[in-house]
Amino acid sequence: MTKSKKLVAFVSLLFLLLIILSLTISEMEISQSESMSHDTVDPNGHLHLTVDAAFDTIHIEATDQPRVHIDLEKRWTSKGLIFKPKSIKWIREMLKDLELTLENNHSENRSDVRIEARFHRGREHWEEGLKWLTIEARVTVPRQYNVTLKTVSHRDIHIGNPVE
């Protein structure tokens, strides 16, 4: 093999290694945000909030406003495109499939508010992509609420300072 052929082979191999390296260290992120509020809560009655969801992290903050508000951030992140398990279309379908609901059952002296986030097709359907998915919720509630939290993943729950 001549020197020029060796040089061409070396440069080609180096170029191929650079492409593989860029695919493994590059990051891809797809995210969707969703918000929901319920303004008909009674701040003077007994209030009970239940969050039953597949969130990784829940941030709870108190406010003087007589409403429950939730901001949901769904984020799918791959550290390397070469390890991407499914197509972008599949990932967007997974993010969209996570449904957020907010229900209020109000009686004369008690208001029960329930926030749920569930995969319509079930977690099992999306199992292959869940390791790439992060779900965070920010919930603001009136100061008078008794808060009951339940998460599927048993991850972090943060109780924050009052919202001004």
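An account of the accompanying structure is given in this report.

Calculation notes
- Once a new chain begins, its residue numbering starts again from 1 and follows that chain's sequence as written.
- Local features in this predicted model are restricted to residues of pLDDT 70 or higher, and side-chain atom pairs are both shown and tallied only at a pLDDT of 80 or more, whereas totals for entire chains, interfaces and linings draw on every residue.
- Think of the side-chain values as coming from all heavy atoms in the structure, minus any hydrogens and water.
- Counting from the N terminus, the helices are the DSSP runs of H or I reaching at least four residues and the strands are the DSSP runs of E reaching at least two.
- For the exposure calls, accessible area comes from a 1.4 Å probe over protein chains only, and a residue counts as buried if that area is under 20% of its type's maximum, exposed if over 50%, partly exposed in between.
- Only heavy atoms enter the contact rule, under which two residues are in contact if any of them lie within 4.5 Å.
- Only the protein chains shown count as covering a residue, and every accessible area follows the Shrake-Rupley method with a 1.4 Å probe.
- Among the buried residues, those of types Ala, Val, Leu, Ile, Met, Phe, Trp, Tyr and Cys that are joined through side-chain atoms within 4.5 Å form a nonpolar core.
- A carboxyl oxygen of Asp or Glu within 4 Å of a side-chain nitrogen of Lys or Arg is what we treat as a salt bridge.
- When DSSP finds two or more bridges between a pair of strands, those strands are recorded as paired.
- Without a salt bridge and with relative accessible area above 30%, a residue can belong to a patch; like charges are then joined within 9 Å and nonpolar side chains (Val, Leu, Ile, Met, Phe, Trp, Tyr) within 5 Å.
- Working note: the arc is built from the helix axis to C-beta atom directions.
- Within 3.5 Å is the distance limit for a polar contact, defined as a pair of N or O atoms, with the added protein rule that one can donate a hydrogen and the other accept it, and that residues adjacent in sequence qualify only through two side-chain atoms.

Looking now at the overall build of the protein. Looking only at helices and strands, the protein features 2 helices and 9 strands. For the protein, the sequential pattern of α-helices and β-strands runs α-β-β-β-β-α-β-β-β-β-β. Across the 164 residues in the protein, those meeting the buried criterion constitute 34%. A sequence separation of at least 24 residues applies to 83% of the contacts in the protein between residues at least 6 apart. Per element, the accessible surface of the protein, about 10200 Å² overall, is 53% carbon and sulfur.

Here we come to the nonpolar core. Counting residues in each nonpolar core, the largest one holds 32 residues, and the members touching the most others are L49, F55, V68, I70, I115 and V139. Every element with two or more residues in this core is listed here: β1 (28–38), β2 (46–53), β3 (57–63), β4 (68–78), α2 (88–97), β5 (98–106), β6 (110–119) and β7 (133–142). The element contributing the most residues to this core is β7, with 5 residues.

Counted by the stated rule, this structure contains 6 salt bridges. Residue R138 pairs with E61 through a salt bridge whose shortest N-O separation is 3.9 Å. Placement of R138 in strand β7 and of E61 in strand β3 is noted, with a sequence separation of 77 residues between them. On the accessibility criterion, R138 (42% relative accessible area) is partly exposed. E136 is paired through a salt bridge with R75; the nearest N and O atoms lie 3.3 Å apart. With E136 in strand β7 and R75 in strand β4, this residue pair connects regions lying 61 residues apart in the sequence.

Taken across its 7 residues, β3 has 5 buried, putting it largely inside the fold. Pairing of β3 with β7, which is carried by 7 bridges, proceeds in the parallel orientation. Bridging across to β7, I58 finds its partner in A137.

Taken together, the side chains of L7, F10, V11, L14 and L18 present a nonpolar region at the surface, about 490 Å² in accessible area. Along the chain, L7 falls in helix α1 (residues 3–25).

It helps to recall that an α-helix has 3.6 residues per turn; residues three or four apart then point in one direction. Every buried residue belonging to α2 is among W90, I91, M94, L95 and D97, and all of these are buried. The arc that holds the buried residues of α2, viewed along the axis, is 165°, so those residues lie on one side. Across α2 from its buried face, at more than 90 degrees, point the exposed residues K89 and K96.

Take the side chain of T63 next. Take T63: it is sitting in strand β3. Within the structure, the side chain of T63 is placed 3.3 Å from the backbone nitrogen of Q65, a separation counted as a polar contact.

Here we come to the environment of R92. Mapped onto the elements, R92 comes out in helix α2. C-alpha separation for the pair R92 and W76, spaced 16 residues apart in sequence, amounts to 8.9 Å. For R92, the contacting residues outside a window of four places in its chain are I30 and Q32.

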